[in-house]
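One-letter residues, chain by chain:
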Amino acid sequence: MTSADATPGPAAAGSGSIVQERRLVTDIPGPRSLEMERRRAHAVASGVSSTLPAYVERASGAVLVDVDGNSLIDLGSGIGVVGVGHAAPAVVDAVRDQVARFTHSCFMVTPYESYLAVCEALNALTPGDGDKRTMLCNSGAEAVENAVKIARHVTGRQAVVVFDHAYHGRTNLTMALTARNMPYRDGFGPFAPEVYRVPPSYPYRDPDGMTGEEAARRAVDLIERQVGPDRVACVLIEPILGEGGFIVPAPGFLRAVAGWCRDRGVVFAADEIQTGFCRTGSWFACDEEGVVPDLVTTAKAVAGGLPLAAVTGRAELMDGVHAGGLGGTFGGSPVACAAALGAIDTMRSLDLAGRAAHLGSVIAGELRTWQAAYPGIGDVRGRGAMMALEVVLPGTSEPDPGTARRIAAHCHRQGVVVLTCGTFGNVIRLLPPLVIDDALLADGLGVLGTAVGEELG
Ligand SMILES: *Cc1c(COP(=O)(O)O)cnc(C)c1O
């Protein structure tokens, strides 16, 4: 039995009846979770894995309560989904009301207003003031697939250019777009053709002093030589590469790539599935780069935990596809749309973009202190409430995934959910709910700091 010395903070928005504190009453995972793990082994395909097998019973704000009664601090938000917090009141109320009125009609059969309202909101919130249109679907991968369909259809070209360290999903096309073999692609081919990969800007691993413009030149030179600009339908990029390790391109990189696309009639598509909806301190990460993409894909945080995804883009592109060419049975479910409207209201009313910037400065301050103390922390990077540290063998830039895993495992045993990421598996990333209060964040960071000290000290 462990008992954490957590300081209960003021309840975060959406905290419901769950006190916003870390409180451990059993080992993590506890006996009831372990029992469920035994059932799982006989019921769930082993290819579906879990980072921390503490089975969740309820959650609110930034706290997960497991089936053994432990309160865990969630610094992962279910992979960047519950930015508005678990069980955000506006999301819960909107879903409850919608579920009682109707759950499905299929927008392609008999439409409903909430779908329009979500599209209007996304058209208004995504970067750029031009005339925009949106289509809704169910998952991030599906949004990326639709963005590629639209780009190919309107350009009459086939090639899709993506980047090293990219993650775009697990369907056949999006596996092809994703960079990392293990675990995403291995043995799952053949993959979709006409996908080309070029290097992004990765300041920690690029040659010293390489500017964003130089990194962009390196990428577009490859495209020009190996693909040919008039064969390229779209260039697809995450403005901060997420699963690949929270890689923030050098300033000017995105703008230079977008400018090259504009000059050559190539669709510039930003995958803001992980960065979008206030996470980085703005509505969208492209806002901070002064870049207006032709197409934006969104998903994760848009609907406060319900499955919803979207492609938003310039009207003449989005309207370039024949009627019936886009859609899907469940796309833009009325329940998910209601949730999205509640979530977007919450982001606005609580100024979660401002809150993300505040959390980012607190987190970055801590992480940089550790970096100064431990040479095993090669890099600290990110923006807003999307921060990470890259673990390396001291004195080198050689990735050290084993130590990163041990740091994460230490946090898990102490009731703090942190995630790893990175092409080399050596990055610890923090994606707290944006409503987390300062005391709870401080407790979570304290646990992480202790883990870092024990593993790297
Ligand atoms: C998570 C993610 C996806 C895939 O979304 P799913 O909903 O899991 O299909 C695509 N792109 C990025 C940048 C992501 O972070």
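A quick note: this is a predicted structure, and the numbers were derived from the prediction, not measured.

Novice: What should I look at first to understand the overall build of the protein in this one?
Specialist: Scanning the protein for helices and strands turns up 14 helices and 15 strands. Computed over the C-alpha atoms, the radius of gyration of the protein is 22 Å, within 12% of the 23 Å expected from 2.2 N^0.38 for a compact globule of 457 residues. With respect to the principal axes defined by its C-alpha atoms, the protein has extents near 65 × 60 × 45 Å. Counting the 457 residues in the protein, one finds 57% classified as buried. A separation of at least 24 residues holds for 73% of the contacts in the protein among residues at least 6 apart in sequence. Surface summary for the protein: the accessible area is close to 18,200 Å², and the carbon and sulfur share equals 53%. When the 38 positive and 50 negative side-chain charges of the protein are each reduced to one mean point, those points stand 4 Å apart.

Novice: Would you mind going over the sheet that holds strand β9 (residues 295-298) with me for this structure?
Specialist: Backbone-to-backbone hydrogen bonds join strands into a sheet, with any given pair of strands oriented parallel or antiparallel. An order of β4-β10-β9-β8-β7-β5-β6 is seen for the seven strands of this open sheet, with the pairing classed as mixed. The open sheet is flanked by β4 (132-137) and β6 (195-198), the only strands paired with a single partner. Strand-to-strand twist in this sheet, taken as the mean axis angle between neighbours without regard to direction, amounts to 20°. Where β4 and strand β10 (residues 309-314) come together, six bridges link them in antiparallel fashion. Bridge pairing in β10 places Lys132 opposite Arg314. The strands that helix α5 (residues 140-155) touches are β4, β5 (159-163), β7 (232-237), β8 (267-271), β9 and β10; relative to β10, the one it contacts most, it runs at about 30°.

Novice: Can you walk me through the nonpolar core in this structure?
Specialist: In globular proteins that are soluble, nonpolar side chains generally tend to be buried together. Core analysis: the biggest nonpolar cluster contains 68 residues, and Leu136, Phe277 and Ile428 have the highest contact counts within it. Both domain 1 (10-75 + 351-456) and domain 2 (91-349) contribute no fewer than three residues apiece to this core. Ignoring any residue separated from it by four or fewer positions in sequence, one finds Leu136 in contact with Tyr115, Val118, Cys119, Leu122, Leu308, Ala309, Ala310, Gly331, Gly332 and Cys337. Among the nonpolar cores identified, the runner-up in size contains 27 residues, and Val162, Leu173, Ala269 and Ile273 belong to it.

Rules of the game
Residues numbered from 1 in each chain as written. Predicted model: local features only at pLDDT ≥ 70, side-chain atom pairs only at ≥ 80, totals over all residues. Heavy atoms only, no water. Helix = DSSP H or I, 4+ residues; strand = E, 2+ residues; numbered from the N terminus. Rg over C-alpha atoms; globule rule 2.2 N^0.38 Å. Buried < 20%, exposed > 50% of the residue type's maximum accessible area, 1.4 Å probe, protein only. Contact = heavy atoms within 4.5 Å. Areas by Shrake-Rupley, 256 points an atom, 1.4 Å probe, with all protein chains shown as cover. Lys, Arg positive; Asp, Glu negative; His and termini not counted. Charge placed at Lys NZ, Arg CZ, Asp CG, Glu CD. Pairing = 2+ DSSP bridges. Axes fitted to C-alpha atoms, helices over the stretch in contact; angles between N-to-C directions. Core = buried A, V, L, I, M, F, W, Y, C linked by side-chain atoms within 4.5 Å. Domains from an automatic or database assignment.

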